[in-house]
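Structure at a glance
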Amino acid sequence: SRKYAALCPDTLRRVAEDCAQRYKKPKEAEKAARETLHGITGAFMGPEELKRAEERLKAGDMEGALEMHASTRERKPLGPFYEALFARTGRPGRVLDVACGLNPIYLAAMGVAVTGVDIAGGQIEMMNRWASAGGYPLEARLGDALCPDFLPEGPFDLTLAMKLLPVLENQKKGAAAALIESLPSEKAAVTFPTRTLSGRGVGMERHCSQWFEGLLP
Ligand SMILES: C[S@@+](CC[C@H](N)C(=O)[O-])C[C@H]1O[C@@H](n2cnc3c(N)ncnc32)[C@H](O)[C@@H]1O
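How each quantity is defined
- Residues numbered from 1 in each chain as written.
- Predicted model: local features only at pLDDT ≥ 70, side-chain atom pairs only at ≥ 80, totals over all residues.
- Heavy atoms only, no water.
- Core = buried A, V, L, I, M, F, W, Y, C linked by side-chain atoms within 4.5 Å.
- Buried < 20%, exposed > 50% of the residue type's maximum accessible area, 1.4 Å probe, protein only.
- Helix = DSSP H or I, 4+ residues; strand = E, 2+ residues; numbered from the N terminus.
- Contact = heavy atoms within 4.5 Å.
- Near = heavy atom within 4 Å.
- Areas by Shrake-Rupley, 256 points an atom, 1.4 Å probe, with all protein chains shown as cover.
- Nonpolar A, V, L, I, M, F, W, Y, C, P; charged D, E, K, R; others polar.
- Polar contact = N/O pair within 3.5 Å; in protein donor to acceptor, adjacent residues only side chain to side chain.
- Pairing = 2+ DSSP bridges.
- Axes fitted to C-alpha atoms, helices over the stretch in contact; angles between N-to-C directions.
- Expected span 1.5 Å × (residues − 1).

**Things to note about the nonpolar core**
The biggest cluster of nonpolar side chains holds 31 residues, and the ones touching the most others in it are Y82, L102, I105, L107, M127, L138 and L160. Elements supplying a minimum of two residues to this core: α3 (47-58), α4 (62-66), α6 (78-89), α7 (104-109), α8 (121-134), β3 (138-142) and β4 (158-162). Considering every element that reaches this core, the biggest residue donor is α8, with 5 residues. Beyond its immediate stretch of four places on either side in the chain, L160 contacts Y82, L85, V95, L96, D97, V98, N103, L107 and A189.

**Some points on the site of the ligand**
As a matter of local geometry, the ligand sits amid 19 residues, with R75, A99, D118, A145 and M162 nearest to it. Coverage of the ligand by the protein chains reaches 97% of its 590 Å² of free accessible surface. Elements supplying a minimum of two residues to the shell around the ligand: α5 (70-74) and α9 (165-171). If you tally residues by element for the shell around the ligand, the top one is α9, at 3 residues. In the shell around the ligand, the residues fall into 9 nonpolar, 5 polar and 5 charged.

**Observations regarding the side chain of D144**
On the secondary structure map, D144 appears in the loop between β3 and β4. The class of D144 is buried, set by a relative accessible area of 2%. In terms of polar contacts, D144 uses its side chain to reach the side chain of R14, at 3.0 Å. Leaving out residues up to four positions away in the same chain, D144 has contacts with C8, D10, T11, R14, I119 and F150.

**Description of the sheet that holds strand β1 (residues 94-98)**
The 5 strands are arranged β3-β2-β1-β4-β5 in an open sheet whose pairing can be described as parallel. Each having just a single partner strand, β3 and β5 (187-191) make up the two edges of the open sheet. Going from strand to strand, the sheet's axes swing by 15° on average, the running direction of each strand aside. Relative to β3, strand β2 (residues 113-118) runs parallel, the two sharing 5 bridges. Bridging across to β3, D118 finds its partner in L142. The sheet strands contacting α8 are β2 and β3, and the helix crosses β3 at an angle near 160°.

**Describing α8**
Along its 14 residues, α8 runs 20 Å from first to last C-alpha, staying within 8% of the 20 Å computed at 1.5 Å per residue. Among the residues of α8, those classed as buried are G121, Q123, I124, M126, M127, W130 and A131. For α8, the elements touching its buried residues are α3, α7, β2 and β3. Downstream of α8 by one or two residues, G135 has phi in the positive range, about 70°.

Here it is, written out as structure tokens:
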């Protein structure tokens, strides 16, 4: 489908193979693949929001652009967030941002070199256009955290895995622990949503902390 033209090809292949294994009838496998893809794409930012984000970036409105993505919107204001993080980790030379969404834009605008990886090709392309037009230290690439060899060449001083682990675990059981094992830097920041996309948040913070503590080696 055209809808998934910009999606990471590894993701398309992974979902198609997985559904073909689980369903004997091709029609059922196709339906399941469509449903899975629908669930993992577009929930945080659709094509309209992406277009508006790029327009806002061009107009010099970075905070407004980042608001177009549900995940960066929730982290507002971003300045204090990174101040608090870097107070603990030290200001990193080079950051890896796994399943980055639009987050690398803020870091690169601060002058921090960042490599972002995500399955959302439209966002990856838009960030690379912005970075090369403005000379920002950002490289974004397509990569699926559930496929082998998705990690870019390091070294990195800090890895970000923000609001990713529950999303990964939903796609494949055991994936969150496997990602933690494979993180390529000494320091990592892992964050969790405290509310669902529809705004409900009862007990989420406690539930996520307990789950995360249990995953740590
Ligand atoms: C909740 S958003 C978080 C975005 C960003 N980390 C942030 O906090 O602003 C989850 C992100 O994970 C990406 N994603 C989902 N499944 C993925 C996978 N298997 N590999 C890599 N990225 C994935 C989505 O495209 C989306 O950008």
